Structures are given as C-alpha cells and as structure tokens.
Amino acid sequence: MKIHDWATGPYPARVRIAIAEKNLRPRVTFVSVNLRKGEHKKPEFLAKNYSGTLPVLELEDGTFIGECTAITEYLDALDGAPVLTGRTPREKGVIHMMNKRAELELLDAISVYFHHATPGLGPEVEIYQNAEWGLRQRDKAVRGMHYFDGILKQQPFVAGEAFSMADIAVIGGLIFADLLKLPVPAECEALRAWYARMQERPSVKNRVTMSEPAD
Ligand SMILES: N[C@@H](CCC(=O)N[C@@H](CS(=O)(=O)O)C(=O)NCC(=O)O)C(=O)O
C-alpha cells in the first residue's frame, strides 16, 4: 500500500505512528506530496482526495482512503487484532470519542491557527485568511491542552488504561504546537509528562527517516 503524505507534517505523523505501532512499515511506500508547492491542491491529487489534504492511503486495488482516523481504523483492522481502535464496544466508543475530541479541541484548532493567523503554507495555498478566527482557534487549542491535562491527571492514556488512536491524535496536536512554537502551559504537568513518555515510543521517535524531506 502507498501513503501519500508530507513526512514531517502533524497529520501524516498520526498515520506514520499507527503504521509503526502495527509493525506495517515493510508493507508501506511513502509518496511525498509537496504542500509548500500546493501539489495537494492540484487536480491530479484532488482526484485522490476531494478534500485536498494529506495523508491519503492508496490500496493495491486503487481505493483511496483519506482522513487520519479512517486510515488508522483500516490499518488497525488489517490483522484482525486491533490495538489502537478498541476491542470491545465500550473501548471503541470511548476511543472514537477521545480521538474526535483531540481533533476538535486541539489538533484541528491548531491547524486553523496555522492557516489563518500565520503565513501558513504561503499565499499560493492560503487563498483566504482570517487572523482573528485563527487566534480564537489558537486560544481554543490552549483550552484543549488544559482539558487533556485534566484527563491525564486521572489516567495514563487519553482514552483510559491503554495506548490508542486517541493518544496518537493528541500527539499530532502537540507536534503541530511544537512546530508553531505554541507552548504547552507550564501548569499542564500531566500533559507534559505524558507527552515526554509518548516521545520515547519508537513509533513516535522514528516516524520520519533520514532520507525524507526535512521540512
Ligand atoms: N481531516 C484531515 C486533515 C488533514 C490535514 O489537514 N492535513 C494537512 C497535512 S499537514 O499540514 O499536517 O502536513 C494538510 O493537508 N494541510 C494542507 C492544507 O490544509 O492546505 C485528516 O484528518 O486527515
């Protein structure tokens, strides 16, 4: 299978981490799409993903699957032994909820801040910007950091007692925050400690190989 992505991107990181956690790296070929040149907004890419975002999974039969959550669910189901998306109905429900909350309250909010209140991917790509909206979303993301800090004060992982897709989504959010130099508030000690632990996971540490685009 192929993953069309941008090696150092926060959303691509989510799928790269999932691939590593499932030991699928030997079965995957990464195809780099240059966001800074707007390749993801060109017709040939939009034919792969109407939303014009990365990553996109391309299967051997030509099926394209966009959206990090959907790609992760596919990967996790491949060997019939899900470890990232839940084994029981309760686990699946809680993980899905916390994964979506990580997108709504943290990762997607930081993405809006990036695209609207910073130069983002440059004027060729950022054809409309609203700085006030971007700054409001930045503030929402900081509130989200406090929320996840509260969660992680009570439990070792974002969705409970085990590492899951929801942790990967929060990791993606903090990768994006790091890229934008948006600090995790000092008082969010549980979130900071959790993130330090996550960064020690080989799937997180080794998600980009030396031969891939630096930026
Ligand atoms: N909802 C999508 C969002 C994906 C997304 O925004 N990806 C970024 C890639 S990266 O910034 O994380 O590297 C993108 O394509 N951004 C390009 C753009 O929004 O123009 C998902 O979950 O896959």
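It should be noted that the structure appears before, not after, this text.
Residues numbered from 1 in each chain as written. Predicted model: local features only at pLDDT ≥ 70, side-chain atom pairs only at ≥ 80, totals over all residues. Heavy atoms only, no water.

1. With respect to the site of the ligand
To keep things clear, this is the line we draw: Being near a molecule or strand, for a residue, comes down to having at least one heavy atom within 4 Å of it. N or O atoms within 3.5 Å of each other form a polar contact, as long as, within protein, one can give a hydrogen and the other can take it, and as long as residues adjacent in sequence are counted only when both atoms are side-chain atoms. To be clear on the numbers: accessible area is Shrake-Rupley with a 1.4 Å probe, and residue cover counts the displayed protein chains and nothing else. Per the convention used, a helix needs a DSSP run of H or I reaching at least four residues, while a strand needs a run of E reaching at least two, with both numbered from the N terminus. Each residue is assigned to one class: nonpolar for Ala, Val, Leu, Ile, Met, Phe, Trp, Tyr, Cys and Pro, charged for Asp, Glu, Lys and Arg, and polar for all the others, Gly among them.
With respect to spatial proximity, 15 residues lie near the ligand, and among them Tyr11, His40, Leu54, Glu67 and Cys68 are the closest. One of the backbone N or O atoms of Pro10 is found 3.3 Å from an oxygen atom in the ligand. In the model, a nitrogen atom of the ligand is placed 2.8 Å from a nitrogen or oxygen of the Glu67 side chain. The protein chains hide 88% of the 550 Å² of surface that the ligand would expose on its own. In terms of residue count, the dominant contributor to the shell around the ligand is helix α1 (residues 10–21) (four residues). A breakdown of the residues in the shell around the ligand according to their chemical character gives eight nonpolar, four polar and three charged.

2. Observations concerning the sheet that holds strand β4 (residues 64–66)
To keep things clear, this is the line we draw: Strands qualify as paired when DSSP identifies two bridges or more between them. Here an angle of 0 to 180 degrees is reported between the N-to-C directions of two axes, which are lines fitted to C-alpha atoms, with helices fitted over the stretch in contact.
Reading across the sheet, the four strands line up as β2-β1-β3-β4 and stay open at both edges, with mixed pairing between neighbours. Lying at the two open borders of the sheet, with one neighbouring strand each, are β2 (29–32) and β4. Neighbour-to-neighbour, the strand axes of this sheet turn through a mean angle of 25 degrees, independent of strand direction. In terms of strand pairing, strand β1 (residues 2–5) meets β2 through four bridges, oriented parallel.

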